[in-house]
Amino acid sequence: MKSIIVWFRQDLRLSDNPALAHGAKSGLPIVCLYVLDDETPGDWKMGDASQWWLHHSLAALDASLRKKGGGVTLRRGNAAKIIKALMRETGADSIAWNRCYEPFAVARDAALKTELTEQGIAVTTCNGSLLAEPWEITTQSGTPFKVYTPFWKALRARPEPDAPLRTPAKINFHADVKSDALKDWTLLPAKPDWSKGFDWTPGEKAAHDALHDFLGHIGGYGTARDIPGVDGTSRLSPHLHFGEISPRQVWHAVRDHNHTQGADKFLGEIGWREFNHQLLFHHPHLPNSAYDERFAKMKWRQSDKDFTAWTHGQTGVPIVDAGMRQLWQTGWMHNRVRMIVASFLIKHLLIDWRKGQRWFWDTLVDADLPNNAANWQWVAGSGADAAPFFRIFNPVLQGQKFDPTGTYVRRFVPELASLPDKFIHRPWEATVPPADYPTPIVDLAVGRDRALAAFRALPRR
Ligand SMILES: Cc1cc2nc3c(=O)[nH]c(=O)nc-3n(C[C@H](O)[C@H](O)[C@H](O)COP(=O)(O)OP(=O)(O)OC[C@H]3O[C@@H](n4cnc5c(N)ncnc54)[C@H](O)[C@@H]3O)c2cc1C
């Protein structure tokens, strides 16, 4: 009997899921498949915090599919091989998936599509993750944009994205397809369980709840988004990465809600996500080498000691340590603080941005290849439309500006909790510096000058 495989990837949702909608519309029995493919990504296998998210997100997806009378079929291994075997096993003669944009996924999917099509299998691929495909928004001469603002202007000049698709009313499931047990994948940490501080609920419903909560205060987003001590942002990033909610759903919910400045600013951030996806698509080396080739000559410092202090939140610079501890405890870090900790690593410590990118990859629940690579390169000054290298964040001034009373620092660095506001971002100047908190591992002025000298040594354009 004919059937169709719907291959779930970064689209762990039932609503506004074009591949699932296609499968449901076909009326054929559907195998809802998820493959844990550790082989294809090579160096970019999913990090530990992302695996935690994946476990819970798959459990939520399975529960939603069960309510519809079926469930998710789990298989582990090389996705292309597994799909070909599953087609034989189930007699499926068609497959649908929503596109992914990591270079390894693009290569795998293209080869698989060609092979299956040659065998007479109907392959349907859809856009379920972006407002626009990376090849759709180009300059007037047809080349990809290198600068964000005109890119976003061009995207916004297009007609509104289509209305999101509803959850299929009826899904006709293929019976009797064997599945791995999710717990056997051991995606969750055991000893030690470092996820105790993860204050997240993965899954499609939680994603919509988060969006709904955020819409209640979107008007203040323009200023609140920079204050790490308040919940001023949407915290949608892991939900968007795993596709528990689509950007199209976010877009329409925001537009229907109201049309404040906060809303425009917020949609602009969704725009950065789009921009970074098209950057990676057109520059697949982005996570591995500098977009601006002059930076290949950068003389990075090798210091395991400094790098370890940074990862452990023990640099002696409060806002940096608060950020790194928030990351470790919750699997997420506020955007303003991501910029500060990245700048500190790359500039004050002169450590290669790729090392920081790797650490984020392993520890963020929203680790996302395009967003992570493009933002690290943005801070490094080597990316497309990047901050100039010589603009070096002073972490003390950043702390004083965006966390003036130290709400954020006190939460994550309890050793400093009783310091007066005046010294919260420079405890080394307090009359009695806290004994259990380190002094800065680098003199900020010396680190800054060293970074500027390294930058000046790069070849000129
Ligand atoms: C060094 C560094 C590394 C980063 N790594 C990642 C990463 O791996 N994954 C990731 O999703 N984001 C990354 N970001 C971007 C940003 O910090 C997060 O998307 C944001 O903090 C998520 O919180 P939020 O959902 O509350 O954001 P909101 O402010 O509510 O923004 C809404 C959405 O817009 C998108 N967005 C916001 N800011 C950016 C941005 N600067 N670039 C691209 N998209 C953005 C995200 O999808 C986010 O969920 C990184 C930023 C820096 C500086």
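The structure reproduced in this document is the subject of the present report. The residue count restarts for each chain, going from 1 along the sequence in the order it is written. Owing to the predicted nature of the model, reporting of local features is limited to residues with pLDDT of at least 70; listing and counting of side-chain atom pairs is limited to 80 or more, with chain, interface and lining totals taken over all residues. Side-chain measures were taken over the full set of non-hydrogen atoms in the model, leaving aside hydrogen atoms and water.

## Here's the deal with the nonpolar core
Here is step 1: Nine residue types can take part in a nonpolar core, namely buried Ala, Val, Leu, Ile, Met, Phe, Trp, Tyr and Cys, and a core is a set of them joined through side-chain atoms within 4.5 Å. Categorising residues by exposure relies on relative accessible area from a 1.4 Å probe, with only protein chains included: less than 20% of the type maximum marks a residue as buried, more than 50% marks it as exposed, and the intermediate range marks it as partly exposed. Among the nonpolar cores identified, the biggest contains 89 residues, and Val250, Phe266, Trp310 and Val320 are the most heavily contacted of them.
Here is step 2: Should any heavy atoms of two residues lie within 4.5 Å, those residues are counted as being in contact. Excluding residues within four positions of it along the chain, Trp310 makes contact with Thr315, Val320, Met324, Val341, Phe344, Leu345, Leu349, Gly356, Trp359, Phe360 and Trp376.
Here is step 3: With 32 residues, the next largest nonpolar core counts Leu12, Leu61, Leu187 and Trp332 among its residues.

## With respect to the side chain of Arg336
Here is step 1: Secondary structure elements are defined from DSSP: runs of H or I of at least 4 residues count as helices, runs of E of at least 2 residues count as strands, and each element is numbered from the N terminus. When you line up the elements, Arg336 lands in helix α13 (residues 335-348).
Here is step 2: Take Arg336: its relative accessible area is 11%, and that puts it in the buried class.

## Considering the environment of Val413
Here is step 1: Topologically, Val413 is positioned in the loop between α17 (407-412) and α18 (444-456).
Here is step 2: Residue classification places Val413 among the buried residues on the basis of a relative accessible area of 0%.
Here is step 3: Taking the C-alpha atoms as reference points, Val413 and Ser234, 179 residues apart in sequence, are found 24 Å from one another.

## Some details on the site of the ligand
Here is step 1: Contacts to the ligand come from 28 residues, most closely from Tyr221, Thr233, Ser234, Arg235 and Asn335.
Here is step 2: At 3.2 Å from a nitrogen atom of the ligand is found a side-chain nitrogen or oxygen belonging to Glu269.
Here is step 3: Within the contact set of the ligand, an oxygen atom lies 3.1 Å away from a backbone nitrogen or oxygen of Asp368.
Here is step 4: Here the accessible surface of atoms and residues is derived via Shrake-Rupley with a 1.4 Å probe, and residues count as covered only by protein chains that are part of the display. If the ligand stood free it would expose 820 Å²; the protein chains cover 97% of that surface.
Here is step 5: Contributing elements (two or more residues each) for the shell around the ligand: α8 (237-241), α10 (261-282), α13 and α15 (369-380).
Here is step 6: If one sorts the elements of the shell around the ligand by residue count, α10 sits on top with six residues. To be near a molecule or strand, a residue needs just one of its heavy atoms within 4 Å of it. Polar contact criterion, stated in full: a pair of N or O atoms within 3.5 Å, where within protein one must be able to donate a hydrogen and the other to accept it, and residues adjacent in sequence count only if both atoms are side-chain atoms.

## Notes on the pairing of strand β1 (residues 4-8)
Here is step 1: Most of β1 is tucked away, with five of its five residues classed as buried.
Here is step 2: Burial along β1 is two-sided: Ile4, Val6 and Phe8 and Ile5 and Trp7, pointing in opposite directions, are all buried.
Here is step 3: Sheet analysis places β1 next to strand β2 (residues 30-36), joined by five bridges and oriented parallel. Counterpart to Ile5 in the pairing with β2 is Val31.
Here is step 4: Pairing between strands is defined by DSSP: at least two bridges between them are needed. With four bridges connecting them, β1 and strand β4 (residues 94-98) associate as parallel partners. Bridge pairing in β4 links Trp7 to Trp97.

## What about the packing of helix α5 (residues 148-156) against α10?
A pair of packed helices is characterised by two quantities: the angle between their axes and the separation of those axes.
Here is step 1: The interhelical angle for the contact between α5 and α10, taken along N-to-C directions, is 105 degrees, at an axis separation of 10 Å. As summarised for this structure, α5 and α10 are arranged roughly perpendicular, according to the angle between their axes. Residues Tyr148, Phe151, Trp152, Leu155 and Arg156 of α5 form the contact with α10, whose own contacting residues are Asp264, Leu267, Gly268, Gly271, Trp272, Glu274, Phe275 and Gln278.
Here is step 2: Residue classes in the contact of α5 with α10 are distributed as seven nonpolar, three polar and three charged. Angular values range over 0 to 180 degrees, each being the angle between N-to-C directions of two axes fitted as lines to C-alpha atoms, with helices fitted over their stretch in contact. Here roughly perpendicular refers to angles of 65 to 115 degrees, roughly parallel to angles under 35, roughly antiparallel to angles over 145, and oblique to all remaining angles. Each residue is assigned to one of three groups, with Ala, Val, Leu, Ile, Met, Phe, Trp, Tyr, Cys and Pro labelled nonpolar, Asp, Glu, Lys and Arg labelled charged, and all others, Gly among them, labelled polar.

## As for the packing of aromatic side chains
Here is step 1: When the centres of two rings from Phe, Tyr and Trp lie within 6.5 Å, Trp using its six-membered ring, the rings pair. Their planes under 30 degrees apart give stacked, over 60 give edge-to-face, and anything left gives tilted. Scanning the model with the defined rule gives 28 aromatic pairs in all.
Here is step 2: An angle of 80 degrees between the planes, with centres 5.9 Å apart, marks the rings of Tyr148 and Phe275 as edge-to-face. Here Tyr148 is found in helix α5, whereas its partner Phe275 is found in helix α10, with 127 residues between them in sequence. Both residues of the pair, Tyr148 and Phe275, count as buried.
Here is step 3: With 6.1 Å between their ring centres and 70 degrees between their planes, Trp310 and Trp376 make a pair best called edge-to-face. Of the two residues, Trp310 is situated in helix α11 (residues 304-311) and Trp376 in helix α15; the sequence distance between them amounts to 66 residues. The exposure classification of Trp310 matches that of Trp376, with both residues buried.
Here is step 4: Within the aromatic cluster, the residues linked to one another by ring pairs are Trp52, Trp53, Trp194, Phe198, Trp200, Phe242 and Trp332.
Here is step 5: The ring of Phe389 has Lys347 sitting right over it, with the charged end atom 5.0 Å from the ring centre.
Here is step 6: Definition used: whenever NZ (Lys) or CZ (Arg) falls within 6 Å of the ring centre and also within 35 degrees of the ring normal, the charge is taken to sit over that ring. Stacked on the ring of Trp44, the Lys or Arg Arg358 has its end atom at 3.8 Å from the ring centre.

## Focus on the sheet that holds β4
Here is step 1: Spatial strand order, β3-β2-β1-β4-β5: five strands in an open sheet with parallel pairing. With partners counted over all chains shown, the strands left at the sheet margins are β3 (73-76) and β5 (122-126), one partner each. Along the sheet, successive strands turn relative to each other by an average axial angle of 25 degrees, direction set aside.
Here is step 2: In the packing of helix α3 (residues 79-90) onto the sheet, the strands contacted are β1, β2, β3 and β4, and the crossing angle to β2 comes to about 155 degrees.

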